[in-house]
Amino acid sequence: MKKVKIGTQTAQVGDTDELSQAVADELQALIQSRAAEGKMAVLGLATGKTPLPLYAELIRRHRDEGLSFKNVVSFNLDEYEGLGRDHERSYWAEMWKNLFDHVDIDPANVAVPPSIYDDAEEAALGYGKQIWDAGGIDWQLLGIGGEGHIGFNEKGSAATSLTRRVKLAQKTIEDAAKSFGGEENVPTHAITMGVETILRARRIVLMARGVAKQKIVYRAMAGEVGSEVPASFLQEHGNVGWFLDYDAARSPKNVRN
Ligand code: PGA
């Protein structure tokens, strides 16, 4: 792993395996130090392709090395509106398939924003309150969207935004189209933790992999802070780990498009 300064921020740069190891080490240390104190570790977790190798490594550590998730509480960042938990593209289903089914977390400690509700505002407020009641998030994992969203906080999301119902950006819908078998099948709305909800986490780890993320990572780390690129708000958090693969970390200035 290499340290690379991008704008005011410092990234840890490595290959996919090195990134998974480094982030898993950090997470394992948190979980186990909390367990030693008899306390819960409150995690905010993310779906998408980016964290899959990390989740595979956590499962391996559980299976081969006895890493326990018994003292873990997990809050998912976001969920599509209208997809039931049995829908394979729901984030609920993805989290169970890619992580929770394979570790010893207590199902009662798994929370994903509601996807089916009569009153979106009430549903979102209830989720925000659940996080608050758990004592806030110790450690929040993030990916980054092609236009700089974190969670589903699309362009225009304020630093003070809280957990709420949002309309998905066209780019987000296009990026999801393949896995839904066409744009017309992608939900148009979601519930997401807000930018403020995310920034309240005591530690944030953003992971990005691949050349497609290069420009937006650079913009988020070195560009102007503001709701044009919601990930740029992370610059002001003070305890963010940026974990990038070589492709995502390369300066877009050096790359021919
Ligand atoms: P990805 O999604 O990990 O599938 O690239 C990241 C995101 O949209 O936040």
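Residues numbered from 1 in each chain as written. Predicted model: local features only at pLDDT ≥ 70, side-chain atom pairs only at ≥ 80, totals over all residues. Heavy atoms only, no water.

A.B. asks: Looking at this structure, I do not really get the overall build of the protein chain. What am I missing?
C.D. replies: Looking only at helices and strands, one finds eight helices and 11 strands in the protein chain. For 257 residues, the compact-globule estimate of 2.2 N^0.38 gives 18 Å, and the protein chain sits close to it at 17 Å. Projected onto its principal axes, the C-alpha positions of the protein chain cover 50 × 40 × 35 Å. For the protein chain, contacts bridging at least 24 residues in sequence account for 76% of all contacts bridging at least 6. If you sum the accessible surface of the protein chain, you get close to 11800 Å²; carbon and sulfur atoms cover 49% of it. The averaged location of the 36 negative side-chain charges in the protein chain is 6 Å from the averaged location of its 30 positive side-chain charges. (Helix = DSSP H or I, 4+ residues; strand = E, 2+ residues; numbered from the N terminus. Rg over C-alpha atoms; globule rule 2.2 N^0.38 Å. Contact = heavy atoms within 4.5 Å. Areas by Shrake-Rupley, 256 points an atom, 1.4 Å probe, with all protein chains shown as cover. Lys, Arg positive; Asp, Glu negative; His and termini not counted. Charge placed at Lys NZ, Arg CZ, Asp CG, Glu CD.)

A.B. asks: Before we go on, may I ask you to explain the site of the ligand in this structure?
C.D. replies: Inspection of the region around the ligand gives Gly48, Lys49, Thr50, Gly143, Ile144, Gly145, His149 and Lys213 as its neighbouring residues. A distance of 2.7 Å separates an oxygen atom of the ligand from a polar atom in the side chain of His149. Interatomic distance of 2.5 Å between a side-chain N/O atom of Lys213 and an oxygen atom of the ligand. Considering the ligand on its own, with 280 Å² of exposed area, one finds that the protein chains cover 76% of that surface. Here the shell around the ligand is built from residues that sort into one nonpolar, five polar and two charged. (Near = heavy atom within 4 Å. Polar contact = N/O pair within 3.5 Å; in protein donor to acceptor, adjacent residues only side chain to side chain. Nonpolar A, V, L, I, M, F, W, Y, C, P; charged D, E, K, R; others polar.)

A.B. asks: What exactly am I supposed to notice about the pattern of salt bridges here?
C.D. replies: Two side chains with opposite charge may pair up if their charged atoms get near one another. Tallied over the entire structure, the rule returns 19 salt bridges. In this structure, Lys39 and Glu37 form a salt bridge, with 3.6 Å as the shortest nitrogen-oxygen distance. One salt bridge connects Lys155 with Glu228, and the closest N-O pair in it is separated by 3.5 Å. Of this pair, Lys155 sits in the loop between strand S7 (139-142) and strand S8 (164-167) while Glu228 sits in the loop between helix H7 (214-222) and strand S11 (240-245), and the two are 73 residues apart along the sequence. (Salt bridge = Lys/Arg side-chain N within 4 Å of Asp/Glu carboxyl O.)

A.B. asks: Can you help me understand the packing of helix H1 (residues 16-36) against helix H2 (residues 52-65) in this one?
C.D. replies: Packed helices, taken two at a time, are described by their axes: the angle between them and the distance between them. Contact geometry of H1 with H2 gives a least axis separation of 9 Å together with a crossing angle of 55°. With respect to each other, H1 and H2 are oriented oblique. In terms of crossing hand, the pair formed by H1 and H2 is right-handed. On the side of H1, the interface is formed by Thr16, Ser20, Gln21, Val23, Ala24, Asp25, Leu27 and Gln28, while H2 contributes Pro53, Leu54, Glu57, Leu58 and Arg61. Taken together, the residues of the contact of H1 with H2 sort by class into six nonpolar, four polar and three charged. (Axes fitted to C-alpha atoms, helices over the stretch in contact; angles between N-to-C directions. Parallel < 35°, antiparallel > 145°, perpendicular 65-115°, else oblique. Left-handed = near helix turned anticlockwise from the far one by under 90°.)

A.B. asks: Any chance you could explain the sheet that holds strand S6 (residues 110-111) here in plain terms?
C.D. replies: Strand pairs in the sheet, formed through backbone hydrogen bonds, run parallel or antiparallel to each other. Taking strand neighbours across the sheet as the criterion, the eight strands line up as S1-S2-S11-S10-S7-S3-S4-S6 in an open arrangement whose pairing is mixed. In this open sheet, the two edge strands, each paired with only one partner strand, are strand S1 (2-6) and S6. Pairing between S1 and strand S2 (residues 9-14): five bridges, direction antiparallel. Residue pairing for S2: Lys5 is matched across the bridge by Thr10. The strands that helix H4 (residues 120-133) touches are strand S4 (72-76) and S6; relative to S4, the one it contacts most, it runs at about 155°. (Pairing = 2+ DSSP bridges.)

A.B. asks: Help me understand the environment of Glu88 in this model?
C.D. replies: Mapped onto the secondary structure, Glu88 falls in the loop between strand S5 (78-80) and helix H3 (91-98). Take Glu88: its relative accessible area is 59%, and that puts it in the exposed class. Remark: the alpha-carbon pair of Glu88 and Phe180, spanning 92 residues in sequence, is separated by 9.7 Å. Among all residues touching Glu88, those that are not within four sequence positions of it are Ala93 and Glu94. (Buried < 20%, exposed > 50% of the residue type's maximum accessible area, 1.4 Å probe, protein only.)

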